[in-house]
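What follows is the residue order along each chain.
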Amino acid sequence: MFKNKIIISLCIFTSLFCSCITEDVPGNTPQGNFEALWNIIDSQYCFLDYKNKEYGLDWDAIYREYKEKLTPNMSNKDLFQVLSSMLEELRDGHVNLVARHETSQYREWYDSYPANFMDTIQRIYLGKDYVVSSGLKYKILEDNIAYVYYESFNSAVGESNLDEVLNELAICDGLILDVRNNGGGMLTLSDRWAARFTNEKVLTGYMCHKTGKGHNDFSTPIAVYVEPATDRVRWQKPVVVLTNRRSYSSTNDFVNKMKQFPKVVIVGDKTGGGSGLPFSSELPNGWSVRFSASPMYDPDMKHIEFGIEPDIKVDMTSEDIQKGKDTLIETAREYLRKHKE
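Note that the structure is a prediction, hence the values are computed from the model and not measured.

### Topic: the overall build of the chain
Then, in step 1: On a plain count of helices and strands, the chain comes out with twelve helices and 13 strands.
Then, in step 2: If one aligns the C-alpha atoms of the chain with their principal axes, the spans along those axes are about 95 × 45 × 35 Å.
Then, in step 3: Restricting the contact set of the chain to residue pairs at least 6 apart, pairs at least 24 apart contribute 73%.
Then, in step 4: For the chain, the accessible area works out to roughly 17,100 Å², and carbon and sulfur atoms hold 49% of it.
Then, in step 5: If the 39 positive side-chain charges of the chain are averaged to one point and the 48 negative ones to another, these points end up 2 Å apart.

As structure tokens, then:
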């Protein structure tokens, strides 16, 4: 009898203990998923204080506002709309809520600006005799300027590929490296490319990591350098990098690196940002949220997460478009002709 009482007591204690724990874990309800998402951003997203200073974002006020939009029996579609609208308050095109039926994204960071890229016009410059190699399209233009288009940092370009391409273009007076509409990919490829345009170790910025749940809980900034690709072909002449608002993620990182080199000029529009290392987390209903959790800075400790300004700001003009010309490419050619060595 005494033994049975002990067993019963243990069962009651275990039940109570488990109950206390599960009460602190958001459940798979509209309220539970809302709480989970808000807390993930509150503890892991690394730009809340920055956004507060920039435009007065009050994440606590956002909680109160959007909590009122919830109803116990709302559909998944309506819940997704509420949660994605809440994330849009961050004004960050690199924050995504991903569900089976939809992926949210704040698009104003590029939809409100000129596209500054038309593949139909680009094809005029490439003609029919351009070369395709490992995700690259390249050609020597009639003024002896090399034009290279790199569409995605997901297209792996090997060291030997880069040697071959740069060797072939070495006869040119300058290089246009076009990364417009490049949505990024592997950061290792950003390093691999940048290492071909410097002969010395160069400080290109800093990186921090989240160390706690507080909005300002970050590690000491860690210096980031680019070192020259030793025993490989390195470009020694002027370079123009073409950018637009759809140049983001690891492309943004690449542009920041290139901007630190003396023979490189950035032409076009501000990049789309998104250099912070991505972080993903899951809500109780299985939806995932993706955002930057490790801020990155330029050598002056300015955030590069929200885009990098070009050295020469240029938009495609309607007059050039009607003539089948790319204003950015033409600006780059003019610059390189004036600065050829």
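### Observations regarding the sheet that holds strand β3 (residues 136-140)
The strands that make up a sheet pair up through hydrogen bonds in the backbone, lying either parallel or antiparallel.
Then, in step 1: Taken together, the seven strands give an open sheet; going across it, the order is β2-β3-β4-β5-β8-β9-β13, and neighbouring strands pair in mixed fashion. With one partner strand each, in any of the chains shown, β2 (131-133) and β13 (312-313) form the two edges of the open sheet.
Then, in step 2: Across the face of the sheet, helix α8 (residues 159-168) comes into contact with β2 and β3 while running at roughly 15° to β3.
Then, in step 3: Its contacts with the sheet place helix α12 (residues 327-338) against β4 (145-150), β5 (174-178), β8 (239-243), β9 (264-268) and β13, and it is angled at close to 165° to β8.

### Description of the confidence of the model for the chain
Then, in step 1: When the pLDDT values of the chain are averaged, the result is 90; 92% of them are 70 or greater.
Then, in step 2: In the model, residues 1-26 has pLDDT below 50 throughout and makes four contacts with residues more than four positions away in sequence or in other chains.

### As for helix α7 (residues 119-126)
Then, in step 1: The set of residues buried in α7 consists of I121, Q122, Y125 and L126. Around the axis of α7, the buried residues are gathered within 145° of arc, so they sit on the same side.
Then, in step 2: Contacts from the buried residues of α7 go to β3, β4, β5, α11 (318-322) and α12.
Then, in step 3: G127 lies just past α7 and shows a positive phi near 65°.

### Some remarks on the side chain of D298
Then, in step 1: Within the secondary structure, D298 sits in the loop between β12 (296-297) and β13.
Then, in step 2: No salt bridge is formed by the buried D298; its nearest oppositely charged neighbour, K302, is found at 5.5 Å.
Then, in step 3: A polar atom in the side chain of D298 sits 2.8 Å from the backbone nitrogen of D300.
Then, in step 4: Leaving out residues up to four positions away in the same chain, D298 has contacts with T204, G205, Y206, N256 and I304.

### Some words on unusual backbone geometry
Then, in step 1: Phi at D231 is positive, roughly 60°, even though this residue is not glycine.
Then, in step 2: When you line up the elements, D231 lands in the loop between β7 (222-226) and β8.
Then, in step 3: Its relative accessible area of 79% is what places D231 among the exposed residues.
Then, in step 4: We note that S249 has phi near 60°; this positive angle belongs to a residue other than glycine.
Then, in step 5: Looking at where S249 falls in the secondary structure, it is placed in the loop between β8 and α10 (250-259).

### Description of the pairing of strand β6 (residues 202-207)
Then, in step 1: Here five bridges tie β6 to β7, and the two strands are oriented antiparallel to one another. Across the sheet, the residue bridging to Y206 is A223, located in β7.
Then, in step 2: Inspection of the sheet shows β6 paired to β12 by two bridges, in the antiparallel sense. Residue M207 lies in a different strand from β12, and its bridge partner there is M296.

Rules and cut-offs
- Residues numbered from 1 in each chain as written.
- Predicted model: local features only at pLDDT ≥ 70, side-chain atom pairs only at ≥ 80, totals over all residues.
- Heavy atoms only, no water.
- Helix = DSSP H or I, 4+ residues; strand = E, 2+ residues; numbered from the N terminus.
- Contact = heavy atoms within 4.5 Å.
- Areas by Shrake-Rupley, 256 points an atom, 1.4 Å probe, with all protein chains shown as cover.
- Lys, Arg positive; Asp, Glu negative; His and termini not counted.
- Charge placed at Lys NZ, Arg CZ, Asp CG, Glu CD.
- Pairing = 2+ DSSP bridges.
- Axes fitted to C-alpha atoms, helices over the stretch in contact; angles between N-to-C directions.
- pLDDT = per-residue confidence, 0-100.
- Buried < 20%, exposed > 50% of the residue type's maximum accessible area, 1.4 Å probe, protein only.
- Arc of directions from axis to C-beta.
- Salt bridge = Lys/Arg side-chain N within 4 Å of Asp/Glu carboxyl O.
- Polar contact = N/O pair within 3.5 Å; in protein donor to acceptor, adjacent residues only side chain to side chain.

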